[in-house]
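The lines below spell out each chain.
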Amino acid sequence: VQLQASGGGLVQAGGSLRLSCAASGRAFSTYNMGWFRQAPGKEREFVAGISWSGGSTFYADSVKGRFTISRDNAKNTVYLQMNSLKPEDTAVYYCAARRLRPITTYPSEYDYWGQGTLVTVSS
């Protein structure tokens, strides 16, 4: 599967953005999906994950209550709605796919990655 992330940009603190990750290829609905982010000089970190059916979601403590992950299997797309953005949310955001295995917070355990989209939050 190929992943294409989009929707990043520059936003003021307190603002919102919605990221999208469009998947091409077959069997998207069999993939558990995750969003990760990587700030300059830092390791890539887990942000949110969603099960293949959309029935289960998981969030990093740092974004819980502010970010919402969702998916539309008919459109082969997963979303990350980001509200109440903070300067510390500034990073390149990546979507990732993991087939037929549970959501994990470890980047190395994902099978496919999108190219990343930059989110910059100004104070």
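Preceding this section is the structure that the text describes.
Computed from a predicted model, the values in this text were never measured in an experiment.

J.: Could you clarify how one ought to interpret the sheet that holds strand E1 (residues 2–6) in this entry?
T.: Here we have four strands laid out as an open sheet, ordered E1-E3-E8-E7, and antiparallel in their pairing. The strands lining the two open edges of the sheet, one partner per strand, are E1 and strand E7 (67–72). Neighbour-to-neighbour, the strand axes of the sheet open up by a mean angle of 15°, direction not taken into account. Here strand E3 (residues 17–24) runs beside strand E8 (residues 77–82); their pairing, made up of six bridges, is antiparallel. Across the sheet, the residue bridging to Leu17 is Met82, located in E8.

J.: I would appreciate a short explanation of the side chain of Thr117 in the present structure.
T.: With respect to the secondary-structure elements, Thr117 resides in strand E11 (residues 117–122). Among the polar contacts made by the side chain of Thr117, one reaches the main-chain amide nitrogen of Gly8 at a distance of 3.0 Å. When near neighbours in sequence (up to four residues on either side) are disregarded, Thr117 contacts Ala5, Ser6, Gly7, Gly8, Leu19, Ala91, Val92 and Tyr93.

J.: Would you mind going over unusual backbone geometry with me for this structure?
T.: Peptide bonds are, in most cases, trans, and in most cases residues other than glycine have a negative phi. Here the phi dihedral of Asn76 falls at roughly 55°; this positive angle occurs in a residue that is not glycine. Its place among the elements puts Asn76 in the loop between E7 and E8. Phi angles above zero are rare outside glycine, and Leu100 is one such case at about 65°. With respect to the secondary-structure elements, Leu100 resides in the loop between strand E9 (91–99) and strand E10 (112–113).

J.: Could you clarify how one ought to interpret the state of the cysteines in this entry?
T.: Such a bond, covalent and formed between the sulfur atoms of two cysteines, is termed a disulfide. Evaluation of the coordinates by the stated rule reveals one disulfide. The disulfide bridge from Cys21 ends at Cys95, spanning 2.1 Å between sulfur atoms. The disulfide joining Cys21 to Cys95 has a torsion of about 65° about its S-S bond and is therefore right-handed. You can see Cys21 sitting in strand E3 and its partner Cys95 sitting in strand E9, a full 74 residues away along the chain. Here the two residues Cys21 and Cys95 agree in accessibility, since each one is buried.

Each value, and the rule that gives it
Residues numbered from 1 in each chain as written. Predicted model: local features only at pLDDT ≥ 70, side-chain atom pairs only at ≥ 80, totals over all residues. Heavy atoms only, no water. Pairing = 2+ DSSP bridges. Helix = DSSP H or I, 4+ residues; strand = E, 2+ residues; numbered from the N terminus. Axes fitted to C-alpha atoms, helices over the stretch in contact; angles between N-to-C directions. Polar contact = N/O pair within 3.5 Å; in protein donor to acceptor, adjacent residues only side chain to side chain. Contact = heavy atoms within 4.5 Å. Disulfide = S-S within 2.5 Å. Buried < 20%, exposed > 50% of the residue type's maximum accessible area, 1.4 Å probe, protein only.

Don't take any of this as a statement about function, it's just geometry.
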